[in-house]
Amino acid sequence: MSGTKATVNTTDIKPSGVPGVSDTAGITEDTLTPATHVAASGAFIEPEIVERIDVDHPAVDNNPRKGQPAIANQIDFNDPHLGNEDAVKKNLEAKS
């Protein structure tokens, strides 16, 4: 791990008398720039949120395709109308 980022600032959050509810009085609203790109997952993520993610954390796999051959990364199984075998067949036929 190259460094640790503080991803959540809890300095101004105090315990509340009501379980599960925090006392957020005085905490200012986070200022986020509207998302302009879509992540591979399809999610819109604001640039500030991306900057706060600690990708060096041991619980985060920041290189999930490491060790895979290029051909494995080219096959698209994300067609909801095709079964696995049909998706493979379609992709292989497109290559020939």
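Structure report, in brief. Source: prediction; values computed, not measured.

Quick look at the overall build of the protein chain now. Helix and strand content of the protein chain: 3 helices and 0 strands. A total of 96 residues make up the protein chain; the buried ones form 4% of that total. Counted over contacts in the protein chain with a minimum sequence separation of 6, partners at least 24 positions apart contribute 25%. Within the structure as shown, the protein chain displays about 8400 Å² of accessible surface, and the carbon and sulfur contribution to it stands at 54%.

Below, the discussion takes up a nonpolar patch on the surface. A surface patch of nonpolar side chains, about 290 Å² in accessible area, is lined by Val50, Ile53, Val55 and Val60. Structurally, valine 55 is set in the loop between α1 (47-52) and α2 (70-74). Residue classification places valine 55 among the partly exposed positions, given a relative accessible area of 40%.

This part covers the pattern of salt bridges. Inspection of the entire model under this criterion finds 1 salt bridge. One salt bridge connects aspartate 30 with arginine 52, and the closest N-O pair in it is separated by 2.8 Å. Remark: arginine 52 occurs in helix α1 and aspartate 30 occurs in the segment before α1; sequence separation between them is 22 residues. Residue aspartate 30 is classed as partly exposed on the basis of its relative accessible area of 40%. Under the relative-accessibility criterion, arginine 52 is labelled partly exposed at 32%.

By the element assignment, isoleucine 27 lies in the segment before α1. Here isoleucine 27 falls in the partly exposed class, since its relative accessible area comes to 35%. In sequence terms isoleucine 27 and threonine 11 are 16 residues apart; their C-alpha atoms lie 9.6 Å from each other.

Rules used in this analysis
- Note on numbering: residues in each chain are counted from 1, in written sequence order.
- Local features in this predicted model are restricted to residues whose pLDDT is 70 or higher, and side-chain atom pairs enter the listing and the counts only when it is 80 or higher, whereas totals over whole chains, interfaces and linings include all residues.
- Derived side-chain values reflect all non-hydrogen atoms in the structure, with water molecules and hydrogen atoms excluded from consideration.
- Secondary structure elements are defined from DSSP: runs of H or I of at least 4 residues count as helices, runs of E of at least 2 residues count as strands, and each element is numbered from the N terminus.
- To sort residues, take the accessible area from a 1.4 Å probe on protein chains only and compare it with the maximum for the residue type: under 20% means buried, over 50% means exposed, and anything in between is partly exposed.
- Note on contacts: a residue pair is in contact if any heavy atoms of the two residues lie within 4.5 Å.
- The accessible surface values rely on the Shrake-Rupley method and a 1.4 Å probe; as for residues, cover is taken only from the protein chains in view.
- Without a salt bridge and with relative accessible area above 30%, a residue can belong to a patch; like charges are then joined within 9 Å and nonpolar side chains (Val, Leu, Ile, Met, Phe, Trp, Tyr) within 5 Å.
- By definition, a salt bridge exists where a carboxyl oxygen of Asp or Glu is found within 4 Å of a side-chain nitrogen of Lys or Arg.

Don't take any of this as a statement about function, it's just geometry.
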